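Observations on the model geometry
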Amino acid sequence: MPKLLFIFTRSKVRASSIVQTLLNDIRNGGKEIGGFSQAMRTFTTSSGHVEEPVSGLGQKQIVDALVFGERSRAVSLLYDFSLGNNKLSANDFASILQTCARLPDPLFVMETWKIMEEKEIDISAKCYFLAARALCKGGYLKEALSLMSIMEENPNSYSMLPVYNNFLVACSETHTVDYANECMRLMEHQMVGKNEITYAQFLKLAVLQQNLSAVHEIWKECSKYYSLSVISLRKFIWSFTELRDLQSAYTTLQHMVSLVVRENSYISRTAEGRFCDLRLDIPAPSTGNLSFIDASLNTEGSTNFDLERQSIGSIEISTVKKPLSASVTKLLRWSFNDVMHACAKVQNCDLAEQLMLQMQTLGLQPSGSTYDGFIRAIVTTRGFSDGVEVLKVMQEKNIKPHDSTLAVLAVICSRELQLDRAEAFLDEMAEIRSPRPYNAFLEACDVLDQPERAVQILAKMKKLNLQPNIRTYELLFSLFGNVNSPYEEGNMLSQVDVAKRINAIEMDMMKYGLQHSHLSLKNVLKALGTEGMIKELIQYLHAAENRFSRYDTYMITPVYNTVLHSLVEAKESQMATQIFKSMVSSGVPPDAATYNIMIDCCSIIGCFRSALTLISMMLRNGFNPQAVTLTGLLKISLRSEDFDGSLKLLNQGISEGIQLDVLLYNTILQVASEKGRIDVIELIVEQMHVHGVLPDPSTCSHVFAAYIDHGFYNTAMEALQVLSVRMIAGCDNIADDKQTELENLILGEDLEDESQILEPFKDSKEYLTVALLQLRWCAILGYPVSWSPSESQWARRLSNNLASMSGSL
């Protein structure tokens, strides 16, 4: 046991001396409560006249003074009480100590205890218990532990277990695991037994340490000595759910259901309103081993769970023969709620539905908390529509949803880009404590490029006085950092506007004491780069270097990548090269993205040798080339119109297993279209088809333009049809019913038909919209739609010529 401040010791002279020293420290500004020190100074500097000792009502007067907060008077009465000639006993101080334990007032306990020792009073077990309880409740755990260490040698302290239980309660409430370990070592040394209250505190400490294996060990020992009550089972269920052991929580819940169905449970309430079991609680003997609560234990689960495990999904459906008491019903519902919320944490919606069914069978009416867990379990796997259906059931039962329920529905709706529904749920919330649902809404606005909706939701946050967090500002920089539309270059006016916006957002951050995160800085850098604000871009890079460690690759490397990408996009190749060299020389390790950006930089200056050097560095550092790497090399090769070399690079990438994408193929198609190389275009289109790479609008544009430029109009229309159908169907044939539906859209003459074609564009399915519009245009020009691309003469020719064309190039 570590060296402690022994306020209470076997030597009364030494105890009085230490207490007096502590009280002197308190008077000089140490641990002071209320006017305690002032009262002591008043007493010791009085005129010397000492009143006669108070009568038997002295205790009551001191207690009344403490209860009414008259601390100076209480101290004066205590010392008057002690200076009389009365023969005092422990009972004369019991009410005072009991009041100190209830308030609590640990300092008054110390003063009272000092007087009791000076009077050489035989201290009773009750006084020990009350003094220890006051110290525990007041947070003086070190002093309480000192008292408990000497209690075993006092013949009057016959029952130690309640004292230890109080100490463990204080440890769990203050999250003080070290003192709990000291207490348990003391219990082991003194061979103190344990009761269900003790085990309950062990559970809280195990959960505090996230120690699932300890909970299983507690179960084994507790069930060895006790027929577990409904209260104890409820605490084990809570522990298992807190540690996400859904299997054990479910099994224990079924044991609890069996218990209440099989026999009556006698549950009552204490004066404080806590549930208690009316059975005789006989302490279990000490096992001599309390090692299952230790800060160094791991968090692995145990397989020695003594209850017969039931597989999740096979719920026992029982009916209650006798009506359950209100207390048992409440405990049972709480346990169902705990397991229901655990289902939400692990996204087990099937078990959540079965638990709801079992509650109905048992006659347990689900509460708002039950539905909160149930909806959370459902919407995370099935989407918001199922959650809305449950909300309708709650409305029929006149159960108001919790704010947390509405918040999770708002988040799910935002993720599914249903902004109107998400905003409706946000408006229903009575009290909003977290910006998380609003952040999800802002993120959806960012995805849909709807900053105007974001402005509205920000106004609501301000009106509600909801403090943003750093995630809010990360999204604000992404939403409002850019002024121009995508692919539109910045100008002087837009750059001034961007600078004002960034400054305004940063000023708001400072108001809440928030600093940039790596993501918020990345978004600022991205905005500056898009607007072409190179000077400001470099300034923020230096700020990021000062903000984050150069060796924290998770933070700083992506920031460098953002800057390098912006410089390459702005054709600032020389500056990008300097930044890259500075990055490497200062010890910031490049990642695969860094190398790919710099290879793209080489494509701008046309330096193939530098690109090969970068690939060598890339391989040496454990990064394999990807499609974007190959795209950069192809750009360099195509600058000199070296189509043979480009096709060799392409074939080499295919042979090395690089997963090619449409951007890579479009890189070749663009140059081939500009240079009129139809032979290369047809080879690339067929390779895309063979390797399952679907065309996109750019593919269609390059191919169509090449044929038109050569006057091959019919071939251009046929190619456009084939590529459009492949965009819609992929490599599969379209079903007959789907063909009919699409033909009605394409061939329809009403304005509504064209508006329906545009609908997918709103859901970010622009490829489908472009393909349908292209087919509609072909039909208008008199080219009938064919839903079988493989039957096209153009497609068959490309397939037949692939081998010969590859050999000739």
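Residue numbering note: each chain is counted from 1, following its sequence as written. Local features are withheld for residues below a pLDDT of 70 in this predicted model, meaning they are given only at 70 or higher, and side-chain atom pairs are given and counted only at 80 or more; totals for whole chains, interfaces and linings count all residues. Side-chain metrics rest on all non-hydrogen atoms present in the structure, leaving aside hydrogens and water.

- An unreviewed UniProt entry lists the chain under the name Pentatricopeptide repeat-containing protein At1g76280 isoform X1, with Nicotiana sylvestris given as the organism.

1. Comments concerning helix α39 (residues 766-780)
- Its 15 residues place the ends of α39 21 Å apart at the C-alpha level, agreeing with the 21 Å of an ideal helix rising 1.5 Å per residue.
- The cut-offs for exposure are 20% and 50% of the maximum accessible area for each residue type, with area from a 1.4 Å probe on protein chains only; residues under the lower value are buried, those over the upper are exposed, and the others partly exposed. Strands here mean DSSP runs of E at least two residues long; helices mean DSSP runs of H or I at least four residues long; both are numbered from the N terminus. Of the positions making up α39, those classed as buried are Thr769, Ala771, Leu772, Gln774, Leu775, Arg776 and Cys778. Here a helix's expected span is defined as the number of its residues, less one, multiplied by 1.5 Å.

2. Observations regarding the environment of Ala90
- Following the sequence through the fold, Ala90 ends up in the loop between α4 (71-82) and α5 (91-102).
- Taking relative accessible area as the criterion, Ala90 reaches 7% and is therefore assigned buried.
- Through-space distance from the C-alpha of Ala90 to that of Asp122 is 6.5 Å; in sequence the pair is 32 residues apart.
- The contact partners of Ala90, leaving out residues within four places of it in the chain, are Met116, Ile121, Asp122, Ile123, Ser124 and Cys127. Residue contacts are counted whenever heavy atoms from the two residues lie within 4.5 Å of one another.

3. Comments concerning the packing of helix α11 (residues 196-208) against helix α12 (residues 212-225)
- At their nearest, the axes of α11 and α12 sit 9 Å apart, and the two run at 170 degrees to each other. Overall, the two elements α11 and α12 adopt an arrangement that is roughly antiparallel. Across from Tyr199, Phe202, Leu203 and Ala206 in α11, the residues of α12 making contact are Ala214, Val215, Ile218, Glu221, Cys222 and Tyr225. Every axis in this analysis is a line fitted to C-alpha atoms, fitted for helices over the stretch in contact. Angles between the N-to-C directions lie between 0 and 180 degrees. Our angle categories are set so that under 35 degrees counts as roughly parallel, over 145 as roughly antiparallel, 65 to 115 as roughly perpendicular, and the remainder as oblique.

4. Some remarks on the pattern of salt bridges
- Note on definitions: salt bridges are taken to be side-chain nitrogens of Lys or Arg within 4 Å of carboxyl oxygens of Asp or Glu. Applying the stated criterion to the full structure yields 27 salt bridges.
- The partner of Asp386 in a salt bridge is Arg382, with the nearest N and O atoms 3.9 Å apart.
- When its relative accessible area of 30% is taken as the criterion, Asp386 is described as partly exposed.
- As a salt-bridge pair, Glu423 and Lys460 come within 2.7 Å of each other at their nearest N and O atoms. In this pair, Glu423 is assigned in helix α20 (residues 419-428) and Lys460 in helix α22 (residues 451-463), connecting sequence segments 37 residues apart.
- Assessed through its relative accessible area of 25%, Lys460 is described here as partly exposed.
- Taken together, the shared-partner salt bridges in this structure form one network comprising Asp420, Glu423, Asp427, Arg453 and Lys460.

5. Points about the packing of aromatic side chains
- Stacked, tilted and edge-to-face pairs are distinguished by plane angle, under 30 degrees for stacked and over 60 for edge-to-face with tilted covering the rest, among Phe, Tyr and Trp rings (Trp via its six-membered ring) whose centres lie within 6.5 Å. This structure, assessed with the given rule, holds nine aromatic pairs.
- On the basis of an interplanar angle of 50 degrees and a centroid distance of 6.2 Å, the ring pair of Tyr595 and Phe623 is categorised as tilted. Of this pair, Tyr595 sits in helix α29 (residues 592-605) while Phe623 sits in the loop between α30 (608-620) and α31 (627-639), and the two are 28 residues apart along the sequence.
- Judged by its relative accessible area of 25%, Phe623 is partly exposed.
- Through successive ring pairs, a cluster of aromatic residues spans Tyr199, Phe202 and Tyr226.

6. Thoughts on the UniProt feature "repeat: PPR" (unreviewed entry) in the chain
- Residues annotated in UniProt with the feature "repeat: PPR" (unreviewed entry) correspond here to residues 434-468, 556-590, 591-625 and 661-695.
- Counting secondary structure, residues 591-625 comes out at 77% helix and 0% strand; the distance between its end C-alpha atoms is 12 Å.
- Between the end C-alpha atoms of residues 661-695 the distance is 10 Å, and the span holds 74% helix and 0% strand. UniProt positions are given in the numbering used here, feature names are shortened, and annotations may be inferred rather than shown by experiment.

7. A closer look at unusual backbone geometry
- With an omega of -10 degrees, the peptide bond between Leu103 and Pro104 qualifies as cis.
- With respect to the element layout, Pro104 can be found in the loop between α5 and α6 (106-118).
- For His175, which is not a glycine, the phi torsion comes out positive at approximately 55 degrees.
- With respect to the element layout, His175 can be found in the loop between α9 (161-174) and α10 (177-189).
- Not every positive phi belongs to a glycine, and Asp449 is a case in point at roughly 55 degrees.
- Checked against the element boundaries, Asp449 lands in the loop between α21 (436-448) and α22.
- On the basis of relative accessible area, Asp449 is assigned to the exposed category, the value being 56%.

8. Brief notes about the packing of helix α28 (residues 573-585) against α29
- In the contact formed by α28 and α29, the axes pass within 10 Å of each other and the chain directions differ by 150 degrees. For the element pair α28 / α29, the angle class is roughly antiparallel. Our pair here, α28 against α29, has a crossing hand that is left-handed. For the pair formed by α28 and α29, the contact residues are Ser573, Ala576, Thr577, Phe580 and Met583 on the first element and Thr594, Tyr595, Met598, Cys601, Ile604 and Ile605 on the second.
- Lys, Arg, Asp and Glu make up the charged group, whereas Ala, Val, Leu, Ile, Met, Phe, Trp, Tyr, Cys and Pro make up the nonpolar group; the residues left over, Gly among them, are polar. Grouping the amino acids of the contact of α28 with α29 by side-chain chemistry returns eight nonpolar, three polar and no charged. Left-handed describes a crossing in which the near helix is turned anticlockwise from the far one by less than a right angle; the clockwise case is right-handed.

9. Structural notes on the side chain of Ser146
- Checked against the element boundaries, Ser146 lands in helix α8 (residues 141-151).
- Think of a polar contact as two N or O atoms within 3.5 Å of one another; within protein, one of them needs to be a possible hydrogen donor and the other a possible acceptor, and neighboring residues in sequence only count if both atoms come from side chains. Here Lys142 takes part through its backbone oxygen, which lies 3.0 Å from a polar atom of the side chain of Ser146.

10. Side note on empty space enclosed by the protein
- Think of a 1 Å grid over the protein atoms and nothing else: a 1.4 Å probe that fits but is trapped marks a cavity, an open set flanked by protein within 12 Å on at least five of seven lines marks a pocket, and residues with an atom within 4 Å of a point count as lining. Grid points are joined across faces, edges and corners, and a volume is the space filled by probe spheres set on the points. Going through the model one piece at a time under the given rule, you end up with one cavity of 30 Å³ or more.
- Breaking the lining of the largest cavity down by element, the ones donating at least two residues are α34 (678-690) and α36 (713-729).
- By residue number, the principal contributor to the lining of the largest cavity is α34, which donates three residues.
- Tallied by class, residues from the lining of the largest cavity come to seven nonpolar, four polar and one charged.

11. Concerning the environment of Phe236
- In this structure, Phe236 sits in helix α13 (residues 230-242).
- Separated by 33 residues in the primary sequence, Phe236 and Leu203 have C-alpha atoms spaced 7.4 Å apart.

12. Looking at a nonpolar patch on the surface
- Patches here are clusters of residues that have more than 30% relative accessible area and form no salt bridge, with a 9 Å joining cutoff for like charges and a 5 Å cutoff for nonpolar side chains (Val, Leu, Ile, Met, Phe, Trp, Tyr). Accessibility throughout is a Shrake-Rupley quantity obtained with a 1.4 Å probe, and a residue counts as covered only by protein chains that appear here. A cluster of nonpolar side chains, namely Trp777, Ile780 and Leu781, defines an oily patch on the protein surface of about 330 Å² accessible area.
- Here Ile780 shows up in helix α39.
- For Ile780, a relative accessible area of 62% corresponds to the exposed category.

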